[in-house]
Amino acid sequence: MPIETPVLDRRRFQDLYEELLARVPVHTREWTNLNPGDPGVTLLQLFAWLTESMLYRANQVPERNRRKFLQLLGVPLSPASPASGLVTFTNEGGLLQTVTLSAGVEVRAGQMPFRTLHGLDVLPLEAKAYFKRRLPQQPGAERQLYEQLYESFRNDTAGDELELYELTPLESRSATGVDLGAEAVDRSLWIALMARPRDPIPQAADPLAAIRDVIQRRTLSLGVVPQLDFADAQRRLTPGGSGRSAGNRVIEIQLPNVAGNRLLPPDRQPTYRTLQTMALPTEPTVMEIPLPERAQLFLWEDLDPLEGGTDLFPPALDDTAQQERVITWLRLLWPEGVPARLMWAGFNVARVTQREHIANEVLPAG
């Protein structure tokens, strides 16, 4: 919203004129003729008009000073700009195919028209974002049960502590956001790429083969909205620049590194391949992630029932119907030691700006 200029004095001509008339009996009691035709009243009206002009100029001083201070800092006034934002396209039903949209697609917020700034592939998928929320210290008896259950998966190295977590949907934290570097046990945002609920899953060796064929080598558009923290000490206002420094503020976007046989390596430690890296977003951003060929859109098939969701493995969903629809997991690895809260993440997202298409309008010669 625009910055409102403070008003130092709100008096106008009539206010000043009435105040002067009220002072006459106090200072000059012998002046009794206060009709408009009196020469003294005419002088009062003149001075009230001059004072109103002076007050108008005085009320402009704060805005002028502000502009001058910004000029001294090397920060010019920004020109007028249209509203912008992010929109999500859904592909929940119909044919199992990717719909490719070009730039310039019109969408509306009520009666306000917007247009997309870039094209995107609207993938026939459902996507849900989760993170492994760190739990506080559990009671001794409950913790002992978990330690006995996962004893065979713990390393023999000294100091190997069992850390408990709760799988939490990101949408449940939309009001406050989440600091993945501090609240998630693995500094990761996990996005489940799943078949749509309406698509039938056949009984076959690879029941999701048709979906993998459709989305392979396509571009996944992922939108994220961070919380803007103006108290961040790493952001500095510099003349003529934004002052943003990447440093170690880099997000790695990864997929499970599944070999041809879809089995874990001998040490049973999962590995991931990095599809893309990008600077930590400081504003609403759309990540365009190229998906690999279908052979890489799998998960490991030799997981032990107790291995799911442990350590660096993707989460295990409690809903078995959803778990059966999972094609693969996308992992966003957050930078270590950098506080940054994520408010929202969406799928099939495009940037839009407020723009209206005008047809059949005659322009003047130029």
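Treat the numbers as computed from the prediction; the structure is a model and nothing was measured.

Criteria and cut-off values
Residues numbered from 1 in each chain as written. Predicted model: local features only at pLDDT ≥ 70, side-chain atom pairs only at ≥ 80, totals over all residues. Heavy atoms only, no water. Pairing = 2+ DSSP bridges. Helix = DSSP H or I, 4+ residues; strand = E, 2+ residues; numbered from the N terminus. Axes fitted to C-alpha atoms, helices over the stretch in contact; angles between N-to-C directions. Core = buried A, V, L, I, M, F, W, Y, C linked by side-chain atoms within 4.5 Å. Buried < 20%, exposed > 50% of the residue type's maximum accessible area, 1.4 Å probe, protein only. Contact = heavy atoms within 4.5 Å.

Trainee: Before we go on, may I ask you to explain the sheet that holds strand 1 (residues 84-88) in this structure?
Mentor: One key point about sheets: their strands pair by backbone hydrogen bonds, in either a parallel or an antiparallel sense. If you trace the four strands from one edge of the open sheet to the other, you get 1-16-4-3, paired in antiparallel fashion. The open sheet has two edge strands with one neighbour each: strand 1 and strand 3 (106-109). With strand direction ignored, the average angle separating the axes of adjacent strands in the sheet is 40°. As paired elements, strand 1 and strand 16 (residues 349-354) share five bridges and run antiparallel to each other. By the bridge assignment for strand 16, L86 is matched with R351.

Trainee: How should I be thinking about the sheet that holds strand 14 (residues 326-333) in this particular structure?
Mentor: One open sheet holds the six strands; their spatial order is 7-6-9-14-11-12, and the pairing between them is antiparallel. Whereas interior strands pair on both sides, the edge strands pair on one side only; in this sheet they are strand 7 (165-169) and strand 12 (272-279). Strand-to-strand, the axes of this sheet are offset by a mean angle of 25°, without reference to chain direction. Judged from the three bridges that link them, strand 11 (residues 250-256) and strand 14 form a sheet pairing that is antiparallel.

Trainee: What should I look at first to understand the nonpolar core in this one?
Mentor: Across soluble globular proteins, nonpolar side chains have a tendency to be buried as a group. Judged by nonpolar contacts, the single largest core of 38 residues is most densely connected at L189, L220, M287, L330 and L332. Not counting residues within four places of it along the chain, the set of residues in contact with L189 comprises A129, Y130, L170, L180, L330, R331, L332, L342 and A345. Y130, F313, V326 and W329 belong to the second-largest nonpolar core, a separate cluster that totals 14 residues.

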